[in-house]
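Listed here are the chains, written in short residue letters.
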Amino acid sequence: TGPMSLECLGNLLRITLSTEYFEDKYLSLFVIDQSGTAWELDEAMAAQCGYAVTYTTWRSIEFHASALSCHSHLEKGVFTVTIQIKASPAPDMSNATTHLKSASCHYGPWNPREIICESNYMEVSVRWDVPQTIKDFVQDDPEDWTLVFPEAKAEEASIWQIVFHKPEEKRALLVSNAWSAGYGLNTTDSRVLLRVPYTAAHVQLVEVGVLLLAQQAARLGRSNQMPSLQDQGISFSVLRSSTFYKYRWVILMLDTAVACPADGVDYTNKTITWTVPKYIPPLSAGVTGFKDVLVEAGVDLHKLSAKEMASRKYVLLNELKAITMKIPIGAEGGYYKSSVSNGQLGVKYTINLFLEHQWEDNKWRLTKHTIIKEIETPFEQAEVAITNNLNLSARLMNVTVGTFLPDVELVNLTIEGVAVAVPEAVQHGYVIHRTRYANGSKTYVIEVPLDAPSVKKEYMREDMRAYTLNVTLTFITYPSSETFVVPVIALSAVKDAVLPSARGFCDGRNLHLIITHGNVDQNWLPFISDLHLTQEAARKYNYILRDNGTHLAISVPFLSPHVSYEGFHTSAIKASFYLTLKDGITLAQRRDFSVSCIFSPSELIQCLPNGTVIITAIKLADGEDLDTALLVLRDRQCKPSLVTEQTATFKFNVNTCGTSRKFNSTTMTYENEVLYFRPGNDTPIYQLKFLCSYPVKQTADVQYESKKNPTPSTKPGFGCLALSLKLFKEKSYSEPYQESEYPVVKYLGEALYFEVELLQPKDARLDLNLHDCWATNSQSQDSLPQWHIFIHGCENNKGSYRTVFHKVNYSLRVKFPQHLKRFEVRMFTFVQDTSLSQE
C-alpha cells in the first residue's frame with residue numbers, strides 16, 4: 001500500500017510504484033548500497049547489475065531486482081534491496097519529493113545452477129566448491145599455471161578471470177576489464193555469478209534447430225520420437241564462457257554458459273503460441289543424461305495452477321522436445337496498450353509470461369532455468385469513434401472522441417492552423433473534459449460554442465444553418481512517447497437562420513431599398529442583374545450605396561439604366577428596381593428584393609418658358625428588343641440628343657419637329673409624340689404622346705419711371721461652396737478618371753479634358769466662372785515654376801498651345817449647365833534652363 005508495494009517472487013523482488021502517487025510526475029530511481037551510497041539507475045547499469053524497470057498500460061512502474069544484484073545484501077538466505085525514488089512535477093527535478101523503500105526476501109535452497117532470462121539481461125549463477133584433497137595439499141613453490149591454461153594470465157590480479165568462447169576465438173578478460181565491458185560478476189561464499197546484457201559484445205544469436213534437437217533426443221535414448229524435419233528452429237541469445245579462479249596453487253574452472261530464447265513466438269487464430277526447446281546445446285555441453293524435474297508457468301512472475309490456467313483458457317504442453325504455452329489474445333493476465341504506426345493509432349496485446357524449467361543431468365545434477373518473456377502481438381489498427389451531440393439550449397457543440405486506452409493523453413489542439421496546448425484551449429472557447437471509466441479507459445469531450453470564431457457557419461436553406469467544427473487533436477502514448485493526430489470534423493444543422501428583409505419607398509425622383517441584415521448574409525453581395533453593386537459601380541451610375549453593418553441602403557434615380565418601367569399612362573408610370581443578393585463564393589442566388597412606385601409622367605417632360613421642350617422617352621419592360629437610338633419625333637429627322645439603354649432624350653423647340661398647336665381661351669398647347677418604327681414599316685410599334693401648355697392673355701402691370709441707370713455693383717454673398725475638379729478621358733466628358741487610375745500617363749501634346757463643377761448649393765440663380773488656373777511643378781499650389789492656363793478668365797496666349805473652352809449642355813447628368821465649366825489643355829512639361837523637368 002502507499003506509494004510503493006512489494007512482492008518476493010523466488011529469487012526476484014518486485015516493487016510496484018502506484019499510479020495514484022506518481023502519475024504525471026518525472027521520476028529518478030536510485031539503488032542504495034550497504035554503505036548508504038545512492039546509485040542512479042540507467043539502462044546500462046540496470047542490465048549489468050540485475051535490475052529491470054517496466055511500464056504497464058496503467059502507467060504504473062515495476063522494478064525487479066535479482067537476489068544477487070550488485071547492491072543487494074545477502075545473508076543466511078535472505079537478500080535485502082533498498083531503493084530511493086525522487087518524484088518531481090518538473091523535468092529539471094526541482095521541488096522533488098523522496099521516497100525510500102527497503103525490502104527483504106528469503107530465498108533457498110539454491111540449486112547447483114540457476115539461470116534467469118530477464119527482459120534486459122541474462123544471469124547464471126553456479127555453485128563453486130574446493131575439493132578436499134586440494135585443501136589438504138601444500139606445495140612450497142608455486143607452479144606457473146599459465147603453461148596449463150594459456151587463456152589464463154599469470155599476473156597476481158588474474159586470480160579471477162573469465163574466458164569467452166567463440167567458434168573463431170577465445171578471449172580472456174580480467175574481472176575488472178569484464179566489468180568495464182558491461183558484464184556483471186559477483187561471488188558469494190558458495191556461488192559465482194555472471195550477468196550478461198543482451199547487447200554485450202560476446203553474445204551470439206544461435207538457432208537451436210531441428211537437427212540438434214533430434215540428435216540430443218537420440219543421445220538420450222528417445223530417437224523413436226525425433227522431431228519432425230519440418231519444425232522451425234528457435235533463436236537463442238547465447239554466451240559461452242568459463243570462469244577461472246585460483247585457489248592456492250590450483251586453477252579451478254566453472255562453466256558459466258548462459259542461453260535465453262530470443263523468439264519462438266507465433267500468432268495464429270487469435271492465439272499466442274510460445275515454444276521453448278528443452279534441450280539447449282549451450283547449456284547441455286557434456287551432458288549424457290537428462291530428466292525433467294519440474295515445469296511451471298504463470299504471468300507477471302506468479303505461478304499459475306492447472307485450474308487457474310484452465311479458467312483463463314491457457315494451455316501448457318510439456319512435450320518431449322519442447323514446452324509450449326498457448327494464450328488467447330486478450331485473455332486475463334495480459335493487457336492492451338496503444339501503439340502508433342505510420343501516424344495511425346492501433347493496439348497491441350501484451351502479456352508477461354513466466355516459465356520455470358528444472359531438470360537433472362549427470363553434470364550439474366539440478367538446473368533451474370527461469371524465463372521472463374514479455375510477448376507483444378503485432379500492430380492492429382484501431383478506429384477512433386467521434387460522436388457529435390449538439391446542446392441546442394446552451395448553443396454548444398459537444399463532441400466526444402474515443403474511447404482510448406489509459407496510456408493515451410491529449411496534448412494539444414490545432415485550431416485554424418495554430419497548435420494550442422490543452423490548458424490554453426479555453427482561451428479559444430474550447431472546454432476539454434476527460435472521462436475515465438472503471439477499466440482505466442478514457443474519452444475526451446470537447447465543448448465549443450456555436451458562435452466561436454473557429455466554428456464555420458454556412459447558410460443551408462430556409463431557416464437552417466450548418467455549423468462546422470474543424471479541429472485536429474494531437475495525442476501522445478506513454479511511455480513510448482509516440483504521437484498521432486485525430487482530425488475532428490463535426491457538422492450540426494440548426495434552425496436559427498435569420499434571412500435579410502427589406503422595405504422600399506420612393507420620393508419624387510428616387511427609388512429606395514433598405515435591407516436589414518440577417519445572420520446568414522455576411523458574405524452575400526448585392527447584384528443588379530449581372531452587375532456587382534460596389535461603391536465604384538454605384539458612383540458610376542449616380543447611385544447611393546451605404547452599409548452601416550446592420551442595414552444596407554440603396555437609392556436609385558427614377559431615370560436610371562437599371563430601373564424598369566412596366567406601365568405608362570397619361571397620369572402615371574410604374575417604375576421598378578430589382579436587387580439580388582448572391583453568395584460571395586459560389587454566386588448562387590440567395591435572396592431577391594424589389595421596390596415599385598408610381599411616378600408622374602411630368603418627370604419625363606420639361607416645358608421651358610422660352611419654348612424649348614425636353615422630353616425623355618423610356619423603354620417599357622415588354623419592349624426588350626427596342627433600340628432607343630432609333631426613336632424619333634413626328635418629324636423623323638428629329639433624333640434624340642442623349643441615348644441610354646433604357647431612355648432617349650429629345651431637346652427641341654415647339655416650332656420644330658412636327659409639333660402641332662392648339663388654342664383655347666386660356667392656354668396654348670403644343671403636342672408631339674415619340675415614335676418607333678421597324679425598318680421598312682411605316683406603322684409605329686411604339687407611340688408616346690406628350691404636350692406642353694402655356695397660359696395666354698396674361699397681363700402684368702408695369703410701372704416705369706425713367707431714371708439714370710446706377711453704376712453696376714456687386715454684393716458679396718456668404719455661404720459654403722462645394723466644388724470638384726475632374727480629369728476626363730475624352731472630349732465627350734462621359735467618363736472621368738477614377739482614383740485608382742492615377743497617376744495618369746500622357747504624351748506631350750495630348751489633350752487633357754478638365755471639368756470644374758459647383759456641387760453645392762444647387763441654385764439655378766448661380767453661375768460658375770473661372771478666374772485663374774495654373775499648373776505647378778509639385779502638389780503645393782504656391783510652388784515655382786508656374787504656368788498659367790488662363791488669367792482673369794481668358795486663355796493664356798503666350799504658349800504654343802492655346803487653352804480651349806468647351807460648351808456645357810443640359811443632360812441627364814447635367815441639370816444646371818451654368819454650374820459647370822469645361823476646358824482643354826495640351827500636355828506639356830516644365831523646362832528649367834535647357835533641361836526637361838522629370839516631374
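Residues numbered from 1 in each chain as written. Predicted model: local features only at pLDDT ≥ 70, side-chain atom pairs only at ≥ 80, totals over all residues. Heavy atoms only, no water.

I keep staring at the packing of aromatic side chains and nothing clicks. Help me out?
Aromatic ring pairs: the centre-centre distance and the angle between the two ring planes describe each pair. With the rule as written, the count across this model stands at 26 aromatic pairs. With 6.0 Å between their ring centres and 65° between their planes, Phe652 and Phe690 make a pair best called edge-to-face. Taken together, the residues span a long stretch of sequence, with Phe652 in strand β52 (residues 647-653) and Phe690 in strand β55 (residues 686-695) at a distance of 38 residues. Residue Phe652 is classed as buried on the basis of its relative accessible area of 7%. Its relative accessible area of 5% is what places Phe690 among the buried residues. The aromatic ring of Phe527 is capped on one face by Lys582, whose charged end is 4.6 Å from the ring centroid. (Phe/Tyr/Trp six-rings, centres within 6.5 Å; stacked < 30°, edge-to-face > 60°. Helix = DSSP H or I, 4+ residues; strand = E, 2+ residues; numbered from the N terminus. Buried < 20%, exposed > 50% of the residue type's maximum accessible area, 1.4 Å probe, protein only. Lys NZ or Arg CZ within 6 Å of the ring centre and 35° of its normal.)

What should I look at first to understand the sheet that holds strand β25 (residues 315-318) in this one?
Ordered in space as β21-β22-β26-β25, the 4 strands form an open sheet in which the pairing is antiparallel. A strand with exactly one partner marks an edge of an open sheet, and here the two such strands are β21 (265-268) and β25. On average, each strand axis in the sheet is tilted by 15° relative to the strand beside it, whichever way the strands run. As paired strands, strand β22 (residues 271-277) and strand β26 (residues 322-328) are joined by 7 bridges and run antiparallel to one another. (Pairing = 2+ DSSP bridges. Axes fitted to C-alpha atoms, helices over the stretch in contact; angles between N-to-C directions.)

Even after reading the chapter, I still don't get the sheet that holds strand β51 (residues 642-643), so can you show me in this structure?
Where strands meet in a sheet, backbone hydrogen bonds hold them as pairs that are either parallel or antiparallel. With antiparallel pairing, 4 strands are arranged side by side in an open sheet as β49-β50-β52-β51. In the strand order of this sheet, the two ends are held by β49 (605-607) and β51, each with one partner. Taken together, the 7 bridges between strand β50 (residues 612-618) and β52 define a ladder with antiparallel strand orientation. Of the residues in β52, the one forming a bridge with Thr612 is Asn653.

Whenever I open this one, the environment of Ala648 confuses me. Can you help?
On the secondary structure map, Ala648 appears in strand β52. Here Ala648 falls in the buried class, since its relative accessible area comes to 0%. The spacing of Ala648 and Tyr565 is 83 residues in sequence and 14 Å in space, taken between C-alpha atoms. For Ala648, the residues in contact, after removing those within four places along its chain, are Ile615, Thr616, Ala617, Thr628, Leu631, Pro640 and Leu642. (Contact = heavy atoms within 4.5 Å.)

Where do I start with empty space enclosed by the protein in this structure?
Think of a ball as big as a water molecule: rolled over the atoms, this probe shows where empty space is left. In total, this model carries 1 cavity of 30 Å³ or more according to the counting rule given. The wall of the largest cavity is formed by Asn11, Ser66, Ala67, Leu68, Trp110, Glu114, Ile115, Ile116, Glu123 and Ser125. Mapped onto the lining of the largest cavity, the elements with two or more residues apiece are β10 (113-117) and β11 (121-127). The dominant element in the lining of the largest cavity, judged by the number of residues it contributes, is β10, at 3 residues. (1 Å grid on protein atoms, 1.4 Å probe; cavity = no way out; pocket = protein on both sides within 12 Å on 5 of 7 lines; lining within 4 Å. Points joined across faces, edges and corners; volume = space filled by probe spheres on them.)

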